[in-house]
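Listed here are the chains, written in short residue letters.
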Amino acid sequence: MHKLLTTCFLLLSAASFAQIKGKITSADGQGIPFVSITIENTYNGTTANEQGQYELAVKTTGKYTVIFQSIGFKTQKLSVDVKSLPHVLNVMMPDENYQLNEVVISNAEDPAYEVIRQAIAHRKENSAKTGRFESDFYSKGIFRIKNLPKKFLGQTVEVPDGMVDSTGSGILYLSETVSHITFEQPNNLKERIIASKVSGNDNGFSFNTAMNTYYNFYDNYVDMSEVQVISPIGSGALTYYKYKLEGTFFDENNNQINKIKVTPRRDKEAVVEGYIYIVDNSWAIYATDFDMKGYRLQTPFLNNLNLKQNYTYNSQNGIWAKNSQVFDIDAGGFGITFSGSFTHVYTNYVFHDKFDKKTFGKEMIIIEDEANKKDSVYWNTMRPIPLTEEETIDYIKKDSIQTLHESVAYKDSINKKYNKFNWKDPITGYSYKNSKDTRFNYDGILHIPSYNTVQGWVLNTGMNASFALNPEEKYDFKKRRLYTGVKAEYGIAEDRVRFSGSASAYNFYLSGGNTVEQFNASNISPFVNAISTLFFERNYMKLYDKTFAKIAYSNRIADGITATGSVEYLRRRALYNNAPWVFIKDDNHSYTSNDPLQPYNYSSAPFEKHTLYKASIGANFNFGLKYKVYPGGEKRAMNYGQYPTLGIKYEKGFAGSIKEYEYDFIAAGAQYRTTFGNKGDFAISLKGGKFFNADGIAFTDYKHFNANETHVNSGGTNISSFNLLPYYSLYTNDAYFESHIEHNFKGYIMNKIPLLNVLQWNLVVGYHAAATPDSKPYQEFTAGFDNIGWGNFRMLRVDYVRAYQGSGFATDGVMFGLKFLDILD
């Protein structure tokens, strides 16, 4: 009864703020969803909800001309005399009657091509008309799920209360955003979020903003995250699409509108299919209705994304401006289906000839204080699209659940239930949490052990805890925590337990203990090494014993500039093989020693036992970063920036027990990533450095290049390591330079080759090089394919690598990229 009364109250409250309102139906009486409604020659408008209900805000009573526009229906232009508010105006929209003038089909070109050529020729002109503007923006997003199982892969699926019903269906996410946007071509967009509402989370901020959903088909490409989709009226569109004029009709201003069917010439490219509506003579976009298939967007679990846009004409300035945008999402996998709908409304346009230089700075999204604290009165006044009954109930239900869950009594009762300790927790692990947001976790001992020839089988466990330093703070981005953790590791063959621990808070990081480390810490994953060792008798990992204590600090000192510093005490000693065990014996090969410098001398050590202090300072520069600003001024970077990321570092080894092990070292590097339209993604990394006073330093402190002899990697963009360089074969205590370049064509070439295009593979080429004063230059040339697999499972990459050292051929081979390796490590 309480929920029913609350629902009725909200519905009545919403009605009291409605101005011109009603329902829009088709000829058969069905509600028409997402109809665009505007007042003639203004940019005051709204959009109908999923059931065809609408509310159009007007300031006063009086006479208005209201235009109702929807793809597939005849536009309605109605004069209305509003004498009292709210004013009810129900509308029936008949199906559009398309006319197709008689043309001789035979071998003649379809008349759609001439319309498209004109649209392409006038693309920049039409785009420039809306090239600088301000507008109000509203977005509503909803995600639904169906067939969510109670268990997945044997594990219970835990879903928050009120999320799904007994059939595994329900609303996963519902949110709204009200903002003011400022835009300048080609890609300057600034958004000030005035209000944000997330169902069941009064502390959250909606992610469905204008920033990531401004799709402009006047551009050559439309950015869809993974790929750049080719616009049907882009400069090169005629080589990617076929066109057919399906008919014409006249809008309320007697403009002839051409309905053109758009079909891809090649199925697997980053293209759309559907309809584009072009205004005759001005050649502006009137509307779009495009399907974007998941496989074309290289997003396997997406089945289809349908994008509809409507544009409104203002006879006073001659501008066709986008007034609404709706995209529907159909996705799923493993028998689970997802659907989503995001509706965007653009109103109150103000067009500018130019903006002040300071209009667009580094702050792209600014969330106003209290943006997520607006009450129901505000939302009922400002919301341009009325909620459906389902959405209203979801808000009520989830907000009530949140109120319950935020109470101390509820938290204590739930924590008491889950904090209960039982007999199997020492084996499987244990977690604890209280209402003050103190958390503790013990890992248990049920982990797959790793294996190496020094420690043998390695068992590990650990525990960690975190404490809220400001537990009363509601905003997640303002919460400060103290993190602590301890790890224990036991090597059976070595019969030794090692402990290490860490703590961090306020940009400081403390760590210490006793661990086993690789000479090159980022060289080979323990999982890959264990497989190589046990099944192929290749013990690539080389280890030493490290006892240490370290304090480090990192902080953003200015936009795009992060400073780091650390001081560390080290005591290091050599280790030796203790475990020659192997699953599959190779009579032509045997384990090498743990000394990288003398692989067949089993009693040698690469360095003497010693102590050493290290200090380092450094900085990273990422110019061109754009930021999202939260209430209170907290900034979060939103992208990598349009310029290379630069890094510099100075490190000093001093106060060593062996004087020769002291040194000075400087290094610098640069990374850059960019996208060349639909021609793929480019990435480059350049690194260089120089040691001073380092003729006799320990092998652990040398510059070691990331190598690989396993023919396996994690399958991602590779701009940090070599493919076929033998481990510990290239190192230096002098100067060095290395470069890594890779370009992923993202289907640009493969999609044009018959038969091969059905594979949906992406051609990837690369170049890797390293040089030191004491070694011949090493180079690798690579060519291969990414996105290999079937259906939704594309977890493989394969590269052919050819390596050269000096002026001669060194080796070649095939590299397999397994994209699930990072999960297993």
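Preceding block: the structure.
Computed from a prediction, not measured in an experiment: that's the story for all the values here.

Draft legend 1. Fine view of the overall build of the protein. Within the protein, the regular secondary structure consists of nine helices and 46 strands. Projected onto the principal axes, the alpha-carbon positions of the protein cover approximately 95 × 75 × 50 Å. The buried share among the 825 residues of the protein stands at 48%. Considering only intrachain contacts with a sequence separation of at least 6, the fraction spanning at least 24 residues in the protein is 61%. Approximately 39,900 Å² of the protein is accessible, and the part contributed by carbon and sulfur atoms is 56%. One finds the centroid of the 87 positive side-chain charges in the protein at a distance of 2 Å from the centroid of its 86 negative side-chain charges.

Draft legend 2. Quick look at the packing of aromatic side chains. Within this structure, the stated rule accounts for 59 aromatic pairs. Between Y451 and W581, the aromatic rings sit 6.4 Å apart at their centres with planes inclined by 65°, giving edge-to-face as the arrangement. Note that Y451 is positioned in strand β26 (residues 450-452) and W581 in the loop between β32 (561-574) and β33 (610-622), a separation of 130 residues in sequence. Overall, the relative accessible area of 3% leaves Y451 in the buried class. By relative accessible area, W581 is classed as partly exposed at 42%. Each ring, one from Y702 and one from Y731, has its centre 5.7 Å from the other, and the planes form 70°; the classification is edge-to-face.

Draft legend 3. Spatial organisation of empty space enclosed by the protein. Applying the stated criterion across every chain, the model contains five cavities of 30 Å³ or more. Of the volumes computed, that of the largest cavity is approximately 100 Å³. T130, Y214, N216, Y311 and K322 are, among the 14 residues lining the largest cavity, the residues nearest its centre. At three residues, the largest contribution of residues to the lining of the largest cavity is made by strand β21 (residues 319-333). Looking at the lining of the largest cavity residue by residue, the classes come out as nine nonpolar, four polar and one charged. For the second largest cavity, the calculated volume is near 70 Å³. As for the second largest cavity, its lining consists of N713, G715, G716, N718, N723, E742, H768, T782, R797, D799 and M815. A per-class count over the lining of the second largest cavity returns one nonpolar, seven polar and three charged.

Draft legend 4. A look at the pairing of strand β37 (residues 663-675). Strand direction decides the pairing type here: strand β36 (residues 645-654) and β37, joined by nine bridges, are antiparallel. Note on β37: the bridge partner recorded for E651 is F665. Relative to strand β38 (residues 681-692), β37 is paired through 12 bridges, and the arrangement is antiparallel. Looking at the pairing, R673 lines up with A683 of β38. Adjacent in sequence and paired antiparallel, β37 and β38 are bridged by five residues, among which G677 carries a positive phi angle near 55°.

Draft legend 5. Here's a closer look at the pairing of strand β24 (residues 430-433). Bridging between β24 and strand β25 (residues 439-442) involves four bridges; their strand directions are antiparallel. Residue S431 lies in a different strand from β25, and its bridge partner there is N441. Where β24 folds back on β25, the antiparallel hairpin that results is connected by five residues, among which D437 adopts a positive phi of roughly 65°.

Draft legend 6. Geometry of the nonpolar core. Counting 49 residues, the largest nonpolar core has Y241, Y243, I260 and I276 as its most contacted members. Among the elements that line this core, the one with the most residues is helix α2 (residues 112-121), at six residues. Leaving out residues up to four positions away in the same chain, Y241 has contacts with Y113, I230, S231, P232, V262, T263, P264, R265, V271 and V272. Judged by nonpolar contacts, the second largest core, of 36 residues, contains V454, M541, Y544 and I658.

Draft legend 7. Highlighting the pattern of salt bridges. By the definition in use, this model includes 39 salt bridges. The partner of E390 in a salt bridge is R144, with the nearest N and O atoms 2.8 Å apart. Residue E390 is located in helix α5 (residues 389-406), and its partner R144 is located in strand β9 (residues 132-146); the two are separated by 246 residues in the primary sequence. Residue R556 is joined to D559 by a salt bridge in which the shortest nitrogen-to-oxygen separation is 3.0 Å. Taking relative accessible area as the criterion, R556 reaches 37% and is therefore assigned partly exposed. Salt bridges linked by common partners bring D267, K268, E273 and R296 together as one network.

Draft legend 8. Structural detail: the side chain of N762. With respect to the helices and strands, the residue N762 is situated in strand β43 (residues 762-772). Among the polar contacts listed, one links the side chain of N762 to the side chain of Q298, at a separation of 2.8 Å. Each residue touching N762, except ones within four places of it in the same chain, is listed here: Q298, N744, K746, G747, G784, F785, D786 and N787.

Draft legend 9. Quick look at the sheet that holds strand β6 (residues 76-82). If you trace the four strands from one edge of the open sheet to the other, you get β3-β2-β5-β6, paired in antiparallel fashion. Of all the strands in the sheet, the pair left with one neighbour each is β3 (45-47) and β6. When strand polarity is set aside, the average angle formed by the axes of neighbouring strands in this sheet is 20°. Where strand β2 (residues 36-39) lies against strand β5 (residues 62-69), four bridges are found, and the strand directions are antiparallel. Following the sheet pairing, I39 is matched in β5 by V66.

Draft legend 10. Looking closely at α2. Taken together, the buried positions of α2 are occupied by A112, Y113, V115, I116, A119 and I120. Looking down the long axis of α2, one finds its buried residues gathered within 160° of arc, a one-sided arrangement.

Draft legend 11. Layout of unusual backbone geometry. Here the bond from L85 into P86 is cis, since omega is 0°, no more than 30 degrees from zero. Along the chain, the position of P86 falls in the loop between β6 and β7 (87-88). The omega torsion across Q185 and P186 is 0°, close enough to zero to call that bond cis. Note on placement: P186 falls in the loop between β12 (170-184) and β13 (188-198). Backbone geometry places K746, a non-glycine residue, at a positive phi of 50°. For K746, the location among the structural elements is in the loop between β42 (735-744) and β43. In this structure, N787 is a non-glycine residue whose phi angle is positive, near 65°. For N787, the location among the structural elements is in strand β44 (residues 775-790). Relative accessible area serves as the criterion here: at 10%, N787 is assigned to the buried category.

Cut-off values and rules
Residues numbered from 1 in each chain as written. Predicted model: local features only at pLDDT ≥ 70, side-chain atom pairs only at ≥ 80, totals over all residues. Heavy atoms only, no water. Helix = DSSP H or I, 4+ residues; strand = E, 2+ residues; numbered from the N terminus. Buried < 20%, exposed > 50% of the residue type's maximum accessible area, 1.4 Å probe, protein only. Contact = heavy atoms within 4.5 Å. Areas by Shrake-Rupley, 256 points an atom, 1.4 Å probe, with all protein chains shown as cover. Lys, Arg positive; Asp, Glu negative; His and termini not counted. Charge placed at Lys NZ, Arg CZ, Asp CG, Glu CD. Phe/Tyr/Trp six-rings, centres within 6.5 Å; stacked < 30°, edge-to-face > 60°. 1 Å grid on protein atoms, 1.4 Å probe; cavity = no way out; pocket = protein on both sides within 12 Å on 5 of 7 lines; lining within 4 Å. Points joined across faces, edges and corners; volume = space filled by probe spheres on them. Nonpolar A, V, L, I, M, F, W, Y, C, P; charged D, E, K, R; others polar. Pairing = 2+ DSSP bridges. Core = buried A, V, L, I, M, F, W, Y, C linked by side-chain atoms within 4.5 Å. Salt bridge = Lys/Arg side-chain N within 4 Å of Asp/Glu carboxyl O. Polar contact = N/O pair within 3.5 Å; in protein donor to acceptor, adjacent residues only side chain to side chain. Axes fitted to C-alpha atoms, helices over the stretch in contact; angles between N-to-C directions. Arc of directions from axis to C-beta.

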